[in-house]
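# Topology and contacts: notes
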Amino acid sequence: MCATLRLMRINLKVGHFPLFPTSLYTSQLLVLHSLTPPHKTLTPKVTSFSTGSSVYSSNSLVSVKGFDFLEQFTPFKNLAISSTYTVITSNERRKIVVGLSRMIKDEEGWLLEAFSRDFCPSFLVKIMKLFDDREVAFAFFKYVLQDYSENTLKSCCISAHLLAAEELRLLAQDMLSWIIRRVGKCRSDEVVEFMWREHYKYESDFSVLDSLMRAFLTAEMVLGAIEIWSKMRDNGLRPSSSAVSILFKLLLRIGDYGSVWKLFRDMLHKGPRPTNTLFNVMILGYFRKGRLQTGESLFHLMRKFGCEPDVYTYNILINAYCIRGWTSDALNWVDVMGEHGCGPSISTFSTVINALCKEGNVVEARKLFDGMQERGVSPSTVTYNALMDGYVKAREIFQASMLYEEMKTKGVAPDAITFNILVAGHYKYGREEDGDRLLWDLTVAGLSPDYFFSDISIAGLCWAGRLKEAVALLDNLLEKGIPVSITAFNSIIAAYSKEGLEEKAFEVYNIMVQFGQTPSASTCASLLRGLSMTGRLREARDLMAKMITMSFPINVTACTVLLDGYFKKGDVMGARTLWEEMEKMGIAPDAVAFSALIDGLVKAGSVGDAHDAFFQMIRKGLVPNNFVYNSLITGFCYSGNMTEVQKLERDMRERGLLPDVFTINTIINGFCKQGRMKLAIDSFVEMQRSGLQPDIVTYNSLINGFCKAFDVVNADNFMTRMYASGWEPDITTYNIRIHSFCSTRRINRAVMMLDELASAGVVPNTVTYNIMMNSACNDILDRAMILAAKLLKMAFIPNTVTANLLLSHLWKQGLPQRTLVWGQKLSEIGFEFDEITHKILDKAFHCIHVNTDYCTETTEKSLFLDFLMYITFDYIRRSRAYSDNKNSSFELVEDGPCGSFKLVNKALFSQSERARN
């Protein structure tokens, strides 16, 4: 097995898949993919179509040099065909070619030839029937319909009548919905008129009106559907219950509650009678809009109309409570549904277990997981995934692995989501060899069903960092028509977003929509993460607003991603506003969201607000983890409140959480900053007693503490202990020692230490340069120039701290005017002043206006400082120009009727729009 694993890992690195078990067809595809160079994608080419054989090249599906193979079968050859590539997918194109080749082989070529000369309704219907597949027939219709003149629309309506007459109403509804969507509201009345005129020759009044109503609903044109409702009433007809449910769902999605109740009253008087399905749609719609009271009222109203709440009704109710963080109430509803003779389903338990895990309450989730089996309900893959994800987020990888073993023992098949959860856990908190074993189980051992194989293969490539190959594999799978679920798309979208390639993520998302996949909560969160990571928070907010309008599944994870983005950009007000909006949207923060809020507030310096959020988290019944406590402890250490730090550490232990290395390091650093070295040593001793091993951060904190206390002996002792423990000094260690030497005016020792770190292969950072630069400015000019030259030779990189220390030295040298001049130059290039910069410039301004005897003479030292200031200014100016060019303004543009979006550069988009007009 070890040899096989090594071979598999080599395959994951070079792009071969010989060990993956799958069908012969998929295996051939994967071999084809593996033989393709990683930097290339198989480019489809046109080959000739043989009329005497059904054998064809699947790569003959795309036009080359303006030629489209399918164009010969459409009667609209003279029209532009560029738009045809957006109405059908490559997989649909392939299936159309397969169907047409079969027709030619069956000697139906005369029919295709006749239709290509004239758009005849009967010919079109015969061809669509010969496809023997509704989806392929509809794709063919979408392709050939390139003319929307009055005569063509009349012919299409006759075709829809003929299909309905032959009991193919679903296909007829597909045709009508496409026509209505393409012609729009302004001409949809023509379609209704053409369909109603002489319809009695083909189908009944109800049949034609029901088809029209469903067509408007599929096209999401609610007003048109309501007009058809009125037309049905005028003709004494009742709308079908299923069509009414779809109409109510759309009305609730757009928030047209007035029309909902108006139509509901109309149903009560004229029928059809409300059904369980309709009540479930209404309850779900109101819950999604945050109107829990209305939804619950409808729940209690059901029995009045002879409808008994079923398991779907209860699940909708329970899910709504879980989303808002009311898990205890959701559990009460589980008991209520049992009392009314409605047994909880797998979905019921999975929903509550998932909610408990998101609260951080994995212990209670496990109890419910065991309890559902005692009640005779066996957990599904979804249930196992929910609990497994809870264990991973709680960093209990061992428990997650044990649950996976239990899953295998009980014969529950893992899916691609299982794979993603466990691999993520092993990458972040586990061991690489466990990931190898997992890969073996999910592929070679055949534990995953064949239809999950494509998803797992793509996810595996993404986790291995081979994103280009994952995209190439997805492209080939789609081209060959091999089933790919939304999980595969989500894996690539998430990978692109993590890399900061949000435009690529949107491209994959649009392909996903074109192939009929509905975005999931994970899709939305990944797209928002991509925008947030690159600081495009405005675009992220716009995207979330559009997704909410389109009823995409925006959940607490998506909001948390955006919240974290605001904090990382320093926009605390934006983060607070989003937090308030979450409550208005009915999205209850989970343990992860509170963790992001607390950590963000701490890093923004609002430790008091973070502590208040911590108490709010506990009041809501959410369980804080080590990350939350570590964030608060860091904040209080930074503010010097070590008393509160010790309280939090005790509270951690009382809640059953053990302080980790990060916790103890933070506490030691807090004591060292206050010069309380005895308490720092006590924490160090306690750390070792509890089984935690000190790391380089521990030793650096103690060495820094002793250096600041001018206790060189103990600083050297801990350096010795650090070496004895197997730790080599890092750049932070060297910076501490260099700063110590510079503080005591031992510049020669500092320079020797600088040479030592370079010879040790340690790369100096900006902190190193700033420490040495500050010393150079304080030193005598000759030695300062030598040191400055040395730093410049080492590729000195200035930052805000560099600018501040140079401005400070200019002021201290009695050159306030030069200080203000350089401050003005920095402001002109958009340099963001911090509090220290403002204080220095204020002092310089005050000096000029109060003390008129300031120095104006140009000295050698002032020229030296000017030289260093110019280097700093020039670097910041060039960095700003690059950053502005990289972060040019983008906006989201809707790209199609099915929820596609495109991220475009505003400037380029405006230019293209002007050129088009």
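The structure this text deals with has already been given above.
Everything numeric here is computed off the predicted structure, so don't read it as measured data.

When its secondary structure is counted, the protein shows 49 helices and two strands. Pairs at least 24 apart in sequence give 65% of the contacts found in the protein among residues at least 6 apart. Here the protein displays about 43500 Å² of accessible surface, and carbon together with sulfur accounts for 54% of that area.

Moving on to the environment of K647. Secondary-structure assignment places K647 in helix α36 (residues 642–654). For the pair formed by K647 and I633, sequence separation is 14 residues and the distance between their alpha carbons is 9.5 Å.

For helix α11 (residues 205–218), built from 14 residues, the straight-helix expectation of 20 Å at 1.5 Å per residue is met to within 8% by its first-to-last C-alpha distance of 20 Å. Most of α11 is tucked away, with 11 of its 14 residues classed as buried. Taken residue by residue, α11 has S207, V208, L209, D210, S211, L212, M213, R214, A215, F216 and L217 as its buried positions. Where α11 is buried, its residues contact α8 (150–165), α9 (169–183), α10 (185–196), α12 (222–234) and α13 (241–254).

As enumerated under the stated definition, the model contains 24 aromatic pairs in all. Note on F138 and W178: the rings are 6.3 Å apart at their centroids and 85° apart in plane angle, and the pair reads as edge-to-face. Here F138, found in helix α7 (residues 134–144), pairs with W178, found in helix α9; they are 40 residues apart in sequence, far enough to count as distant. Judged by its relative accessible area of 8%, W178 is buried. Taking NZ or CZ as reference, R291 lies 4.0 Å from the ring centre of Y257, over its face. The ring of W822 has K825 sitting right over it, with the charged end atom 5.9 Å from the ring centre.

What follows concerns the packing of helix α39 (residues 696–708) against helix α41 (residues 731–743). Closest axis-to-axis distance for the α39/α41 pair is 9 Å, and the angle between their directions is 5°. Taken together, the axes of α39 and α41 are roughly parallel relative to one another. Listed contacts from α41 to I696, N700, I703, N704 and C707 of α39 are T732, T733, I736, R737 and S740. The class makeup of the residues in the contact of α39 with α41 is four nonpolar, five polar and one charged.

The subject of this paragraph is the side chain of S207. Relative to the helices and strands, S207 resides in helix α11. Within polar-contact distance, the side chain of S207 engages the side chain of E203 at 2.5 Å.

Take the pattern of salt bridges next. With the rule as written, the count across this model stands at 36 salt bridges. Where E113 meets R117, a salt bridge forms, and the shortest distance between an N and an O atom there is 3.4 Å. Separated by four residues within a single helix, E113 and R117 lie in helix α5 (residues 109–117), roughly one turn from each other. According to the relative accessible area criterion, E113 is partly exposed, its value standing at 48%.

Turning our attention to the side chain of D147. The residue D147 is located in the loop between α7 and α8 in this model. At 2.7 Å, the side chain of D147 and the side chain of S149 are in polar contact. Within polar-contact distance, the side chain of D147 engages the side chain of T152 at 2.4 Å.

Formed by 126 residues in total, the largest nonpolar core has its most connected members in F141, L247 and F248. Apart from residues lying up to four places away in sequence, L247 is in contact with M213, L217, V222, A225, I226, W229 and L263. Core analysis: the second largest hydrophobic core is formed by 95 residues, Y496, M642, L657 and M677 among them.

The residue R197 is located in the loop between α10 and α11 in this model. Residue classification places R197 among the partly exposed positions, given a relative accessible area of 40%. Note: C-alpha distance between R197 and C157 (40 residues apart in sequence) is 9.9 Å. Within the structure, R197 has its side chain in polar contact with the side chain of E193 (distance 2.8 Å).

Compared with an ideal rise of 1.5 Å per residue, which puts 13 residues at 18 Å, helix α45 (residues 800–812) spans 18 Å between its outermost C-alpha atoms and is within 8% of the ideal. For α45, every residue scored as buried is listed here: T802, A803, N804, L805, L806, L807, S808, H809 and L810. Just past α45, the residue G814 takes up positive phi, approximately 80°.

On to unusual backbone geometry, then. In this structure, the amide linkage connecting G271 to the following residue, P272, adopts the cis form with an omega of -5°. Residue position: P272 is located in the loop between α14 (257–270) and α15 (276–288). With a phi angle near 60°, F710 is a residue other than glycine that sits in the positive phi range. If you trace the backbone, F710 turns up in the loop between α39 and α40 (712–724). We note that R745 has phi near 60°; this positive angle belongs to a residue other than glycine. The residue R745 is located in the loop between α41 and α42 (747–759) in this model.

Rules used in this analysis
Residues numbered from 1 in each chain as written. Predicted model: local features only at pLDDT ≥ 70, side-chain atom pairs only at ≥ 80, totals over all residues. Heavy atoms only, no water. Helix = DSSP H or I, 4+ residues; strand = E, 2+ residues; numbered from the N terminus. Contact = heavy atoms within 4.5 Å. Areas by Shrake-Rupley, 256 points an atom, 1.4 Å probe, with all protein chains shown as cover. Expected span 1.5 Å × (residues − 1). Buried < 20%, exposed > 50% of the residue type's maximum accessible area, 1.4 Å probe, protein only. Phe/Tyr/Trp six-rings, centres within 6.5 Å; stacked < 30°, edge-to-face > 60°. Lys NZ or Arg CZ within 6 Å of the ring centre and 35° of its normal. Axes fitted to C-alpha atoms, helices over the stretch in contact; angles between N-to-C directions. Parallel < 35°, antiparallel > 145°, perpendicular 65-115°, else oblique. Nonpolar A, V, L, I, M, F, W, Y, C, P; charged D, E, K, R; others polar. Polar contact = N/O pair within 3.5 Å; in protein donor to acceptor, adjacent residues only side chain to side chain. Salt bridge = Lys/Arg side-chain N within 4 Å of Asp/Glu carboxyl O. Core = buried A, V, L, I, M, F, W, Y, C linked by side-chain atoms within 4.5 Å.

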